[in-house]
Amino acid sequence: MNEIDRAVALLRAGDIVGFPTETVYGLGADATNPQAVARIFQAKGRPVDHPLIVHLPADDHLERWARDIPAIAWDLIEQFWPGPLTLILKRQPNVPDAVTGGQDTVGVRVPGHPMALDLLRAFGGGLAAPSANRFGCISPTTEAHVREELGDLVPLVLDGGPCQVGIESTIVDLSRGRPVVLRPGFIGDDALALVLGQSLASGSHDATLFGAPAPTVSGSLAAHYAPATPLEIVVADQLLGRVDSLLREGRVPVVLAHSVAPMAGVDWRFASGVAPQYGHDLYANLRALDAASADAILLEAPPEGIAWEAIWDRLRRAARGRSEA
Ligand code: TXA
Ligand code: MG
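All of the points below concern the structure found in this document. Please read all numbers here as calculations on a predicted model, not as lab measurements.

Glancing now at the overall build of the protein. In terms of helices and strands, the protein carries eleven helices and 15 strands. Expected size for 325 residues packed as a compact globule is a radius of gyration near 20 Å; at 20 Å, the protein falls within 12% of this value. If you line up the protein on its principal axes, its C-alpha atoms span 60 × 50 × 30 Å. Summing over all exposed atoms, the protein offers an accessible surface of approximately 13,100 Å²; the carbon and sulfur share of this is 51%. Across the protein, 26 positive and 38 negative side-chain charges occur, with their mean positions spaced 4 Å apart.

Laid out in structure tokens, this is it:
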């Protein structure tokens, strides 16, 4: 039996499987089976009212999961699926509450990774899958990361190599009239606006929007994607000074820079200065920095601008620390 067949057999039996997507690795279960979905929450240690994204093998599965699909949804789908875009739509009544967190909406996407598509096509239905990390921790972008996070809790993790995008999908809520970006991602507001012919509101930090309660998005909790070591974002011209002051306090920093030259005697690492590559490497870098057994992670502030928006979003959350998650 090949790995895909093994995965399908496990999923049909109500078990969970780790699998690659182009964004991050997911922890999948049959989205029609509430007991199987419950296993995801157990393995992650995630609160059960947090909704999961349903991953579909193709666009033509969408109407089994969502209803009242607006025309702009199809425009976005045509442009971006398979790919790193999740749409929030009104749900079909048969979608289990375990998947939607009891909300009237469902998150859906067709992922762009060939192995994810092979798995979904062989399974022939929707897989509910959050990122395959423990709740509040750093999303995995390799098979080895999934094993570090979840170890024996997952019977099988498919290895599709390092994830190409490296940060989670852009989430656009189309369930409430005007489109709202709930989580920025590789597909930026500029690309979305081009297809939609209108600019988008950003909703992830608002408690309420347009008078309606904002849906629960765990990726929008202030503290998320966090290493255990405290992380500070420091602008380039203050980086050396901050290293000095930590050393004077007897604390050992590890630095991730992209432009500032290294300081002798300090564990100094480099990130790309180009946004897609920075995003691709981000979580692997955060894991490696966390493993450096330093007292503090100092991260040179990346550039500003639309290409860096999703990276800034994840970094701000990482800087809030894990304790608040
Ligand atoms: O790139 C990704 O989206 C990855 C890969 C595995 O597909 N998945 C991912 O899943 O990041 P997760 O569960 O870590 O984050 C999904 C986010 C959560 O913040 C969840 O609250 C939100 O999507 N979400 C899911 N369904 C929703 C809904 N009906 N309404 C609002 N937010 C929803
Ligand atoms: Mg996640």
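Considered for burial, the residues of helix 1 (residues 3–12) that qualify are Ile4, Ala7, Val8, Leu10 and Leu11. When helix 1 is viewed along its axis, its buried side chains cluster within an angular range of 160° and face the same direction. A distance of 3.0 Å separates the backbone nitrogen of isoleucine 4 from a side-chain oxygen at the start of helix 1, and that oxygen is part of asparagine 2. Glycine 14 occupies a position one or two residues after helix 1 and carries a positive phi of about 85°.

Time to look at the environment of leucine 11. Here leucine 11 is to be found in helix 1. A relative accessible area of 0% means that leucine 11 is categorised as buried. Along the backbone, leucine 11 and histidine 280 are 269 residues apart, and their C-alpha atoms lie at a distance of 29 Å. Leucine 11 has contacts with Val17, Gly28, Ala29, Asp30, Leu119, Phe123 and Leu127, leaving out every residue within four places of it along the chain.

Among all positions of helix 6 (residues 114–123), only Ala116, Leu117, Leu119, Leu120 and Phe123 are buried. Here the buried residues of helix 6 occupy an arc of 160° about the axis, which is enough to place them on one side. The outward face of helix 6, more than 90 degrees from its buried face, is lined by the exposed residues Pro114 and Arg121. Tucked into the core, helix 6 has its buried residues touching helix 1, strand 1 (17–19), strand 2 (26–30), strand 3 (53–55) and strand 6 (127–128).

Definitions and cut-offs
- Residues numbered from 1 in each chain as written.
- Chains lettered and ligands numbered in written order.
- Predicted model: local features only at pLDDT ≥ 70, side-chain atom pairs only at ≥ 80, totals over all residues.
- Heavy atoms only, no water.
- Helix = DSSP H or I, 4+ residues; strand = E, 2+ residues; numbered from the N terminus.
- Rg over C-alpha atoms; globule rule 2.2 N^0.38 Å.
- Areas by Shrake-Rupley, 256 points an atom, 1.4 Å probe, with all protein chains shown as cover.
- Lys, Arg positive; Asp, Glu negative; His and termini not counted.
- Charge placed at Lys NZ, Arg CZ, Asp CG, Glu CD.
- Buried < 20%, exposed > 50% of the residue type's maximum accessible area, 1.4 Å probe, protein only.
- Arc of directions from axis to C-beta.
- Polar contact = N/O pair within 3.5 Å; in protein donor to acceptor, adjacent residues only side chain to side chain.
- Contact = heavy atoms within 4.5 Å.

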